[in-house]
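Spelled out, the chains give:
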Amino acid sequence: MLTTIIYRSRLCNSVPFKDIESMVAAASKKNEQENITGILLFNGIHFFQLLEGPEDAVKAIYSAICEDVRHYNVVELLFDYAPARRFGKTGMELFDLREYSEEKVLQAVLNQGTTRYQLTYNDRALQFFSSFVIGTYNANYFEIPPAESWHLIKDESSVSLYPPNEGCTFAFQPIIDPMAGDVIAYEALIRTENGSSPEAFFNHLEGDDIYRADLKSKKTAFAMARMLPLKEKLLSINLLPMTLVKIPDAVNILLDDLAANQIVPEQVIVEFTELEVISNFDEFSAAVKSLKYAGINVAIDNFGAGGGGLLLLSRFQPDRIKIHRDLIENIHKSGPQQSILLAIIHCCRLLEIQISVVGIEKIEEWMWLESAGIEHFQGNLFAPAYLNGLPAIAWPEKKTLF
Ligand code: C2E
Ligand code: MN
């Protein structure tokens, strides 16, 4: 199967330009052995490369390229299959954009092409060439510093409670603004009495018992929150949308439980998972109405996972969305994930919807998202969910350079 990969990267400052020619010569030889062909563009700072050949060989070469320390911020822009090679004539050809005009480079690249593609840019891969040469992509390629330029310094905010004796308990995980050094909210995540997962808590329940247990557990969450030093921070809880539909008077029960624990409705966010919302939209709307009347904030959790995300936003605008972890994982390396995130951010800005991202495990993920304008982060990198209390938070701090 003929596979194409296009990536973009940045040359390390420590690598002299004159080394590039010999790098290309070595790459060209290797590519020929592996039956890979390709084109490399260089503009004095960035590389843009198209590789094509048998799938396994292209993947293997690309992983070796990702590990090469002479460049960094490697972002995969395209991974696709094609019926024929675009550049069959060469092992690896280099075009230095500093030496030619835009038109000359584009024409030269086209001239290298095999006949099938020679005269047309009506092909995604070739379109990427023109966007790189003309510079349209530049605004969306963030120059993030290496992960080693940050320390993570743990604070002493950890607090533990005695586990409640009520059939369930909660772990709490902060949502933080790392640059401002602020905690925005804590999310209460349900656990069984012995600390097992939400799945373990729900999976022995059947029918409406699921919803009853979901609602009843919130009383425990609020009681724990009252004992924790949340101060003015927001408190996020998760609910199945059907819990508010199936249990008569559910919102009033929530409000009573809040009042009993001296928590104001405005301090609370109810998170609904996108998939469940999409499949029960009418019921969900009714439930949301009563929450909003009471002053409680609403968030859509796992946004982007249900495939209905954008349709959902057209029908209902929550106070906040939490983006699905699969869109965040390794975002610093993926052009498609980056483009989707930028579109979501743009859309939410226009609608004044707050965004948080969940499941941040790597400094690079955080840095890319921070560069894209995200401010609210939740993830094991900063603080994992902490059973019966609040975890210490690891705050990023820039290393001072000597
Ligand atoms: P969620 O609301 O998306 O919660 C985030 C989940 O991601 C939590 O898993 C959290 O521990 C995990 N997480 C956070 N940061 C990271 C990270 O950096 N890496 C990884 N691998 N995971 C991370 P948890 O606590 O197992 O909860 C799973 C799901 O269970 C929640 O997903 C939520 O949808 C549901 N859930 C939790 N509590 C309740 C509840 O009280 N009621 C209902 N109906 N559902 C709940
Ligand atoms: Mn959640």
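Everything below is about the structure shown above.
In this report, the structure presented in the accompanying data block is examined. Just so it is clear, the model here is predicted, and its values are computed rather than measured.

What to know about the overall build of the protein chain
Working step 1: A tally of regular secondary structure across the protein chain gives 15 helices and 18 strands.
Working step 2: A principal-axis box enclosing the C-alpha atoms of the protein chain has dimensions of 75 × 50 × 40 Å.
Working step 3: Expressed as a percentage of the 402 residues in the protein chain, the buried residues total 52%.
Working step 4: The long-range share in the protein chain, meaning contacts at least 24 apart out of those at least 6 apart in sequence, stands at 73%.
Working step 5: Here the protein chain has roughly 19,200 Å² of accessible surface; of this, 52% comes from carbon and sulfur atoms.
Working step 6: Between the centroid of the 35 positive side chains of the protein chain and the centroid of its 52 negative side chains there is a distance of 3 Å.

A word on the coordination of the manganese ion (ligand 2)
Working step 1: The coordination sphere of the manganese ion (ligand 2), as far as protein atoms go, consists of Glu 187 (OE), Asn 238 (OD1), Glu 271 (OE) and Asp 301 (OD), spread over 2.0 to 2.3 Å.
Working step 2: The sequence pattern describing where the donors of the manganese ion (ligand 2) fall on their chain is E-x50-N-x32-E-x29-D. Linking Glu 187 in strand β9 (residues 182-192) with Asp 301 in strand β12 (residues 297-303), this pair joins segments that are 114 residues apart in sequence. Here the two residues Glu 187 and Asp 301 agree in accessibility, since each one is buried.

Structural notes on the pattern of salt bridges
Working step 1: Summed over all chains, the structure comprises 15 salt bridges.
Working step 2: Across the salt bridge formed by Lys 18 and Asp 19, the nearest N and O atoms sit 3.7 Å from each other.
Working step 3: With relative accessibility at 67%, the residue Lys 18 sits in the exposed group.
Working step 4: The closest approach of N and O atoms between Asp 123 and Arg 86, which form a salt bridge, is 2.8 Å. Here Asp 123 is found in the loop between α4 (115-118) and α5 (124-134), whereas its partner Arg 86 is found in the loop between β4 (71-81) and β5 (93-96), with 37 residues between them in sequence.
Working step 5: Salt bridges sharing partners connect three or more residues here, namely Glu 52, Arg 86 and Asp 123.

Definitions and limits used
- Residues numbered from 1 in each chain as written.
- Chains lettered and ligands numbered in written order.
- Predicted model: local features only at pLDDT ≥ 70, side-chain atom pairs only at ≥ 80, totals over all residues.
- Heavy atoms only, no water.
- Helix = DSSP H or I, 4+ residues; strand = E, 2+ residues; numbered from the N terminus.
- Buried < 20%, exposed > 50% of the residue type's maximum accessible area, 1.4 Å probe, protein only.
- Contact = heavy atoms within 4.5 Å.
- Areas by Shrake-Rupley, 256 points an atom, 1.4 Å probe, with all protein chains shown as cover.
- Lys, Arg positive; Asp, Glu negative; His and termini not counted.
- Charge placed at Lys NZ, Arg CZ, Asp CG, Glu CD.
- Donors = N, O, S within 2.8 Å, 3.2 Å for Na, K, Ca; no water.
- Salt bridge = Lys/Arg side-chain N within 4 Å of Asp/Glu carboxyl O.

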